[in-house]
Every structure is written in C-alpha cells, then in structure tokens.
Amino acid sequence: MGRDELPSRPRRALKHTLLIAFGVVMLYPLLWMVSSSVKPDDLIFRDPSIWPTELDLSNYTNGWTALEHPFQHYLWNSAVIAIASVVGNLLSCSLAAYAFARLRFRGRNVFFALMLSTLMLPIHVLIVPQYVLFSWLDWINTDLPLIVPKFLAHDAFFIFLMVQFIRSLPRELDEAARIDGCGHFRIYWRIIMPLSAPALATSALFTFIWTWNDFFSQLIFLTNPDLYTVPVALRSFLDGQGETAWGQLFAMSIVGLVPIFGFFLAGQRYLTQGIATTGIK
Amino acid sequence: MSDRVGAPPPSPPAEGATAVAPPPDEPPAPPRTRHRRAASGALRQDRAGYLFLAPWFAGMALFTIGPILASLYLSFTEYSLVKPPEWLGLDNYRRMLEDPRLAKSLLVTVQYVFVSVPVQLGLALALALLLNRGVRGLSFYRSVYYLPSLLAGSVSIAILWRQIFGSDGLVNQVLALFGVEGVSWVAHPDFALGTLIVLNAWTFGAPMVIFLAGLRQIPVSYYEAAEVDGASTVRKFFHITLPLLTPIIFFNLVLQMIGAFQSFTQAFVVSGGQGGPADSTLLYTLYLYQRGFGSFDMGYASAMAWTLLVIIAALTGLNFLLAKRWVFYSG
C-alpha cells in the first residue's frame, strides 16, 4: 500500500490475474445467459460453457411474439413511463434543489430536514394509501400513478444530489446576474441549469434505469395486460410458460436489459465518476 | 437488495455523521425589520423559495405525508377498498402478534439483512483496497464490477437467478464438472434465501465505488510519515486506512441496510410470488404485498407498513448511536 513498495512485477501480475478472474466469475452468469439465448432449450440444462456451438435466433423471434402483444408493445410502454419520469424528475427536482441551495426563506432548514428524512422512507409504507388515493382518482391501470409523482419531486434523492451540486457552483455568477437585473427564475434557467449538466445527466441516467427496472409499483398499478411494461410482461411470461421455454425467456430478458446496458456504456462517466465527485466532495 | 441497487450515494457528510445536515451557510441576511429594503428583499426571497418548492410541497402533501397519515388511520381499521374502512382499534396489531407467517417473514428479513449486507460490504471493501493505489486499468475494473449493481434490480436478472440455482441450472452444471451433485437451490428451504444473499453480494460494486472515493481522500502524507517510522503494511491498514474509512463504512452500512429491508423484486420472482419454499424467502415486503394486494386486507397491510417504518427508524437510530463507539472523525 505504501509508495516505496511499488508492487514488483510478479506481484502486479498476480493482482491483475486475481482481479480478472474475479471479474470473469462476476460476469459469467450474464455471458452464459446471452449464449444460452441462442441455444436450443435442452442445451441450456446441459451446457455450462459460454461458447455457443450453434447460433439459433429462433428464441428471439418466437419469444418476441409469445405473449399477448408483440414485445415492442411492452418496450414502448416502459419507454413512455421512463422518459416521462426523466423529464419530471429533472424539472421538479432541480426547482426544489435551486430553492434549497440558493434561496433563503423561512422554514428552509425544517423543510430541508424533512426532505432528507423522506430519503429513508420505504415505498412500502406509502403504497397502500397511495393505491387507495389512485383508485379514488380512477388512475389505476393508467400510467399516471407512475408519472405524476415524478413531476412533483417525489424522488427526494435527486433533489439532494442536485443541491449538493449547485452548492459547489460559484455564487459570483448568480450575483453578477442579479446585478444585471435577472430574476430568480432566469438565474435558475439560464445559469444554474446549464452549469448543472453533469448532475442532470447523472439524475437522468439513474431515473431512467430505476424506472426501467422498477417492478413493485408497476406490478401494483398496472394490471391490464395492454399496459404491461417489460418487467411485468416478463413476469407474466415466467408464470405462464416460463418453465418450458427458458430460451425464449432468456432472449426476452436480454432484450429488456439492452437499454440499461446501452446507457451504462454511454454514461459510465456520469454513473461511476459522477458518484465519486458529487457523492463526496 | 433494494430495487434501487446501484444508487449513487447521497453524499456522505465529510465530517459530521448526521444525515440531517443543515443547508449551506450563507452570509447572514440583514435583519428583516430594520430597513424597508432589506425587509422587502427577505419577503421576495420567501415568496421565490416557496414558489420554487411548490411542486415539492404538493408532492409531499399528496404522496408522502397524506399517505403516511392515511396508513396510520387505516392500520386501525378493516378495509378492503369495496366498503368504507371499519374501525377496529388495535386489532390489526394484535393479529400481527399472533400471525406465524408475520413472525417468519420478520425472521427471514432479519437473516437476509444481517447476512447479506456484511457480505456485500466486505467484498466491496476488499476489492476497493485491491484497486486503490496504482492499479493499471482501474476504470475498466471499476466499470466491470459496477455493472451488476445496475442490472441486479431487474426482473431479467431475477429470472436468470431462478435458472442458475435451479436443479439443472448453471451452478449444478459447473458442480457436476467436479463430480459434485447439487440440489435445486431455489427449491430447498435451507438454501433459497442464500441464493438471494448471493444476488445481493453480486451488487458490491456500488458501495465499492464509494469506498474508492473515500480511500482517495486519505492524505498520502499519513502513509509517508508511517513509513518513516517503519510501519508495516498491516499496521498502516489498521492504524491509518481503517480508522479514516470508518465514516464511509458507516455511511454504506446505513444505506445498504435500509435498502436491504426493502428488497422485493428478487424474492418475488425467484419464488414465483409465494415467498417459498416453506416461506423461506418470505421477505417482509413480500408478505405485505400478499396481504395488501393479494387478499386486499389493506388495514392489516397498513399496520405492517407502519411497523416496518418504526423498525427502520429504530435501526437507523441505533446505527447512529453505535456509530459513536466506532466511527472515527478526524479534524
């Protein structure tokens, strides 16, 4: 660990071998799922290798149409909710974050503490009365219970992330704009938002990924098969014929993971590095 | 694990351990009443602040505070959505005390939280230490180890897990290569929860990233000074690295424990929504779902939800109390 004992060459090689071996073990199940998705079903239960002996895409073509709707229907449903959630979170959480980070108003500390305490609040405490509320409003089996809360800054986590980021921006910029006669909304929209691009990107990525993966609330609020999202559709696939069609199930599971993997590749910098810089000053 | 695995951390406070940190300090505002201009400035800021917070206020009232109070009320009633709630007093709570499945679900959840979180954090810390200084390809390794944290909350991965740990699944295929005959792990009451613990361990990447950032905060000069004094690697670890890392360990511990208490998706999918075999994967949240949305016993589910809230609050409070004994704050 010290600087004078820079690892000698064999030690370094050993370390890398260890790290790579560990990485392979970690990723093996994923790679095996991908390879199994192009294998015939009986091979899935006999062949632990990740090298497919034959390339058979029928699991994808058959799995795509195995449910009531073709799979793009569920992808579209998920995408609508995820994209609306991203827009909602970015707008509503950044407004609240600007207030907490830059404005002085009575009760600010109390509201801030309240906001932080909701970070620890499990959704399970809220879900029953929320369900009652949404069924009064006749919102069950619509996307509204999943989208409207995002436009009302329900994800306190992102408020907190943006507060932390805005605090790190130099105040001189706002003050100069104030002297030029800018109001708070203009400062927020023209100065703070553009400068907060990294925090907004991190928030957008995590909102998308979490919403795409979310199962609990979608399972509860969407019971009509026409509205099923990818996770709920996969679950109904598993319940319906899963045990007899693993190949197709794997194929569609992979399709469901592709968007997350894509955002991971495109946004790694914001996901991992962003954590390190916005997470800890 | 929480369905939000892979979360970036809300920043751990650098010095103070309190999660409820006051907002940043600003130059003190001029006294509000002394000058008219200052007073109107303060008023304008009040109004601007409330305006910017308006969506949040509405969301808090409608989707957080309202529901919390409503579920407190519902927890004292019998309610199934079709008829108006009927007042029961403490009956739901009394029924909870006598409900063997509730006791079982608490036990399962406690086992899950208290095994899976230390395993996950131990791995995270070990890998962070391995990756810490002077490893070439750090960002590559970090990405590879972090990826599962993003994926693990999905139904897709839960489906994969159910196959991997099935009777002819990947794990047993590999074991067969060594001549070992495995059981169906997900169908065995002694092992089913273990498969979920392994799944949670698989997400060590998220806390690892936080550990890595924390390790980078430790001044190199401390190690240099220790080397001058001839300290060994082990000594340096126990006398510099570990103490200075305790705030980050604490932060990860609180975060992951709260998350683990809320795990749902994996147990639901792996057990086909039942929490089986023999209720061995019946996590508290899964049982709550069954009562609330399977049998529409909303009153009982509300009582369970409030109990969960109290448990999490108590546990977090206990964590903060215990932290005084082992978390080290420099400066």
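Residues numbered from 1 in each chain as written. Chains lettered and ligands numbered in written order. Predicted model: local features only at pLDDT ≥ 70, side-chain atom pairs only at ≥ 80, totals over all residues. Heavy atoms only, no water.

Colleague: Which residues make up the nonpolar core, and what values go with them?
Modeller: What tends to happen in soluble globular proteins is that the nonpolar side chains get buried as a cluster. In this structure, A:Phe100, A:Ile159, B:Trp56, B:Tyr145, B:Ile157, B:Ile159 and B:Met208 are the most contacted members of the largest nonpolar core, which totals 188 residues. When residues in this core are grouped by element, the largest group, 15 residues, is from helix α4 (residues 71–102) of chain A. (Core = buried A, V, L, I, M, F, W, Y, C linked by side-chain atoms within 4.5 Å. Buried < 20%, exposed > 50% of the residue type's maximum accessible area, 1.4 Å probe, protein only. Helix = DSSP H or I, 4+ residues; strand = E, 2+ residues; numbered from the N terminus.)

Colleague: Got a sec to walk through the interface of chain B and chain A? Specific residues and values, please.
Modeller: Contact residues are listed per partner, giving 114 residues for chain B and 112 residues for chain A. Summing the contributions of chain B and of chain A, the shared interface buries around 10400 Å²; its carbon and sulfur component is 73%. Per-residue buried area on chain B facing chain A is highest for B:Phe52, B:Trp56 and B:Phe63; these three make up 8% of the total on that side. Taken together, the links from chain B to chain A amount to one salt bridge. The salt bridge involving B:Asp46 is made with A:Arg106; its shortest N-O contact spans 2.4 Å. The interface formed by chain B and chain A contains 13 residue pairs in polar contact (both at pLDDT 80 or more). In terms of residue count, helix α1 (residues 36–74) of chain B provides more of the side of chain B that touches chain A than any other element does, 24 residues in total. Partitioned by chemical class, the residues of the side of chain B that touches chain A number 78 nonpolar, 22 polar and 14 charged. (Contact = heavy atoms within 4.5 Å. Buried area = accessible area lost by both parts, 1.4 Å probe. Salt bridge = Lys/Arg side-chain N within 4 Å of Asp/Glu carboxyl O. Polar contact = N/O pair within 3.5 Å; in protein donor to acceptor, adjacent residues only side chain to side chain. Nonpolar A, V, L, I, M, F, W, Y, C, P; charged D, E, K, R; others polar.)

Colleague: Got a sec to walk through the UniProt feature "transmembrane region" (unreviewed entry) in chain B? Specific residues and values, please.
Modeller: Those residues carrying the UniProt feature "transmembrane region" (unreviewed entry) are residues 50–76, 110–131, 143–161, 191–215, 236–258 and 303–322 of chain B in this numbering. Counting secondary structure, residues 303–322 of chain B comes out at 100% helix and 0% strand; the distance between its end C-alpha atoms is 28 Å. (UniProt positions renumbered as here; feature names shortened; annotations may be inferred.)

Colleague: Kindly report on helix α5 (residues 155–164) of chain B, identifying the contributing residues and their values.
Modeller: For α5(B), a buried count of 10 out of 10 residues is recorded, marking the element as mostly surrounded by other parts of the structure. Among the residues of α5(B), B:Val155, B:Ser156, B:Ile157, B:Ala158, B:Ile159, B:Leu160, B:Trp161, B:Arg162, B:Gln163 and B:Ile164 are the ones counted as buried.

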